[in-house]
Amino acid sequence: MNVLYFAWVRERIGLPKEKIETNATTVNELIAELRGREERYEAAFADLSALRVAIDQELSDFDSPLEGAQEVAFFPPMTGG
Amino acid sequence: MNVLYFAWVRERIGLPKEKIETNATTVNELIAELRGREERYEAAFADLSALRVAIDQELSDFDSPLEGAQEVAFFPPMTGG
Amino acid sequence: MRVTVQEAPFDYGQEAESFANGRHDMGAIVTFAGIVRDVAGGLDVMEIEHYPGMTEKALEKIAAEAVERWSLGDALIIHRYGRMGAGEKIMMVATAARHRKDAFEAAEYLMDYLKSRAPFWKKEHTAQDAGWVAARDEDEAALDRW
Amino acid sequence: MRVTVQEAPFDYGQEAESFANGRHDMGAIVTFAGIVRDVAGGLDVMEIEHYPGMTEKALEKIAAEAVERWSLGDALIIHRYGRMGAGEKIMMVATAARHRKDAFEAAEYLMDYLKSRAPFWKKEHTAQDAGWVAARDEDEAALDRW
């Protein structure tokens, strides 16, 4: 599964994209797995209220299932316009 | 006093502007005077709810005083934009 | 702030561009353009009559009120009179504000007041006949919002 | 309907003009332009990051929803990414409708959704430092209107 990071999430984790082998069945499980990895992931995912997630380029919820997902992206609230 | 007519009021009365000597003290009195003149004025002023009035180029009411007025204009509700 | 009443066509894109240019303090620009609509497909000419003198005064008052109420960086009104064909631009307004909410509200305010308080009258000419456009009740009602 | 996401500057006046041209059935055109604001006077560069692929999908969905909801004749969204200086245009939207109320509402809808639902992120660079622009609560709250 491709996992993408944008804005300060990308900066905090230190890379824009990585391939992750996981058995996580929801976004929350994936986040728990990432937080267990290294301090920089723990820092990026410390406050979920400051994060948004998209599954296959559609905004989703943290309890959404990951079954069949090709691409999961984490980023802060959007500030376009 | 200059009296001006616009849009269908102008067409109904048959002229855009005329000079009128009057002792009318309010717009309503001026209208009563004009209606007494000729059929075409009667036709133009028959339905006051379809008319608007400006005194010296400011939208006004039919019971506004005419004291000191140089220019009175009658026209239908506006349709700009 | 600029108010222009003219018979000649104006260049909407050019006006929008120069209105929006060189602003470092205003983040939001809104423009509105009104276009001659040929609803029934039979319109030959739209004729717009106005009240020279009062028109400019009324528009300047409306624009000044909008600038003050929303602390606009700038406001623009251009309105034509005379004869024009379907598809031609009748008028435009533009507003510049720090944030989009103010720019949108001020532009709608300009339009609502311009519609019902500036002395313009539209007459539609078709091959068969000609008639004055009636004021719409909802245009008068729109003023209650402000 | 057109959605464009690009790094290069766009010509706001030209886009507004061609959007408004040749319409005989739509009487109302509204445009919004967003401009890089230098609030504190120290901005060097505004950097906009986006999510290629998702951005286009999100904007197309937002535009299609506006077109349907207000029976628009047309809608346009142009949004830049990359680095730009104060005074540069970041983005624009345009709407064409029969009447002004629909054109205004649809443009505000486009802006409200684009702000909070399209994956763009702004970072302000000054001579001293750089920081991500925080999302404003009122931008999220603006969606409740629709």
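Everything numeric in this text was worked out from a predicted model, so none of it was measured.

## Focus: the overall build of chain A
(1) Moving on: Along the backbone of chain A there are three helices and five strands.
(2) Moving on: In chain A, the succession of helices and strands from N to C terminus is β-α-β-α-α-β-β-β.
(3) Moving on: Relative to its length of 81 residues, chain A is compact, with a C-alpha radius of gyration of 12 Å against a globular reference of 12 Å.
(4) Moving on: Structurally, chain A occupies a C-alpha span of about 30 × 30 × 20 Å along its principal axes.
(5) Moving on: Residues counted as buried form 47% of the 81 residues belonging to chain A.
(6) Moving on: Partitioning the contacts of chain A with sequence separation of at least 6, the portion at a separation of at least 24 is 49%.
(7) Moving on: When the accessible surface of chain A is split by element, carbon and sulfur atoms take 45% of a total near 3900 Å².
(8) Moving on: A gap of 7 Å separates the mean positions of the 8 positive and 15 negative side-chain charges of chain A.

## Comments concerning the interface of chain C and chain B
(1) Moving on: Counting residues at the interface gives 26 residues for chain C, matched by 21 residues for chain B.
(2) Moving on: In total, chain C and chain B occlude about 1900 Å² of area from one another, counting both sides; carbon and sulfur atoms represent 56% of this.
(3) Moving on: The salt bridge partner of B:Arg10 is C:Glu49, with a shortest N-O separation of 2.5 Å.
(4) Moving on: On inspection of chain C and its partner chain B, the count reaches 14 residue pairs in polar contact (both at pLDDT 80 or more).

## Brief notes about the environment of B:Tyr5
(1) Moving on: In this fold, B:Tyr5 is placed in strand S1 (residues 2-5).
(2) Moving on: B:Tyr5 gets classed as buried once you look at its relative accessible area, which sits at 0%.
(3) Moving on: Along the backbone, B:Tyr5 and B:Thr25 are 20 residues apart, and their C-alpha atoms lie at a distance of 19 Å.
(4) Moving on: Beyond its immediate sequence surroundings of up to four residues, B:Tyr5 is in contact with B:Arg10, B:Ile13, B:Leu15, B:Pro16, B:Lys17, B:Glu18, B:Ile20, B:Leu34, B:Tyr41, B:Phe45, B:Phe74 and C:Glu49.
(5) Moving on: Within polar-contact distance, the side chain of B:Tyr5 engages the side chain of B:Glu18 at 2.6 Å.

## Some thoughts on the interface of chain C and chain D
(1) Moving on: Contacts between chain C and chain D engage 38 residues on the former and 38 residues on the latter.
(2) Moving on: Considering only the side of chain C, the residues that lose the most area to chain D are C:Arg37, C:Arg100 and C:Phe104, jointly responsible for 23% of the buried surface there.
(3) Moving on: Put simply, D:Asp139 and C:Arg100 hold a salt bridge, and the shortest N to O gap is 2.9 Å.
(4) Moving on: Listed by contribution, the elements that provide at least two residues to the side of chain C that touches chain D are helix H1 (12-20), strand S2 (28-35), helix H3 (100-117) and helix H4 (137-142) of chain C.
(5) Moving on: Ranked by residues supplied to the side of chain C that touches chain D, first place goes to S2(C) with eight residues.
(6) Moving on: Two elements, S2(C) and strand S2 (residues 28-35) of chain D, share seven bridges in a ladder whose sense is antiparallel. If you follow C:Ala28 over to S2(D), its bridge partner there is D:Gly34.

## Thoughts on the sheet that holds strand S3 (residues 43-50) of chain C
Residues and elements named next belong to chain C.
(1) Moving on: Here four strands make up an open sheet; going across it, the order is S5-S3-S7-S8 and the pairing antiparallel. Strand pairing shows two members of the sheet lacking a second neighbour, strand S5 (82-84) and strand S8 (130-132), which therefore form its edges. Between one strand axis and the next, the sheet turns by 25 degrees as a mean value, whatever way the strands run.
(2) Moving on: As paired strands, strand S7 (residues 120-126) and S8 are joined by three bridges and run antiparallel to one another. Its bridge partner being in S8, His125 is matched across the sheet by Ala130.

## Some remarks on the pattern of salt bridges
(1) Moving on: Overall, the coordinates contain 33 salt bridges over all chains when judged by the stated rule.
(2) Moving on: A salt bridge links D:Lys123 to A:Glu11, with the nearest nitrogen and oxygen atoms 2.2 Å apart. Here D:Lys123, found in strand S7 (residues 120-126), pairs with A:Glu11, found in helix H1 (residues 7-13), and the two come from separate chains.
(3) Moving on: Given a relative accessible area of 11%, D:Lys123 falls into the buried group.
(4) Moving on: Overall, A:Glu11 belongs to the partly exposed group, its relative accessible area being 36%.
(5) Moving on: Put simply, A:Arg37 and A:Glu18 hold a salt bridge, and the shortest N to O gap is 3.3 Å. One end of the pair, A:Arg37, is in the loop between helix H2 (27-35) and helix H3 (39-44); the other, A:Glu18, is in strand S2 (residues 17-19), and 19 residues separate them in sequence.
(6) Moving on: Note on A:Glu18: relative accessible area 12%, which makes it buried.
(7) Moving on: Each of C:Arg100, D:Asp112, D:Arg136, D:Glu138 and D:Asp139 takes part in salt bridges that share partners, so that together they form one network.

How each quantity is defined
- Residues numbered from 1 in each chain as written.
- Chains lettered and ligands numbered in written order.
- Predicted model: local features only at pLDDT ≥ 70, side-chain atom pairs only at ≥ 80, totals over all residues.
- Heavy atoms only, no water.
- Helix = DSSP H or I, 4+ residues; strand = E, 2+ residues; numbered from the N terminus.
- Rg over C-alpha atoms; globule rule 2.2 N^0.38 Å.
- Buried < 20%, exposed > 50% of the residue type's maximum accessible area, 1.4 Å probe, protein only.
- Contact = heavy atoms within 4.5 Å.
- Areas by Shrake-Rupley, 256 points an atom, 1.4 Å probe, with all protein chains shown as cover.
- Lys, Arg positive; Asp, Glu negative; His and termini not counted.
- Charge placed at Lys NZ, Arg CZ, Asp CG, Glu CD.
- Buried area = accessible area lost by both parts, 1.4 Å probe.
- Salt bridge = Lys/Arg side-chain N within 4 Å of Asp/Glu carboxyl O.
- Polar contact = N/O pair within 3.5 Å; in protein donor to acceptor, adjacent residues only side chain to side chain.
- Pairing = 2+ DSSP bridges.
- Axes fitted to C-alpha atoms, helices over the stretch in contact; angles between N-to-C directions.

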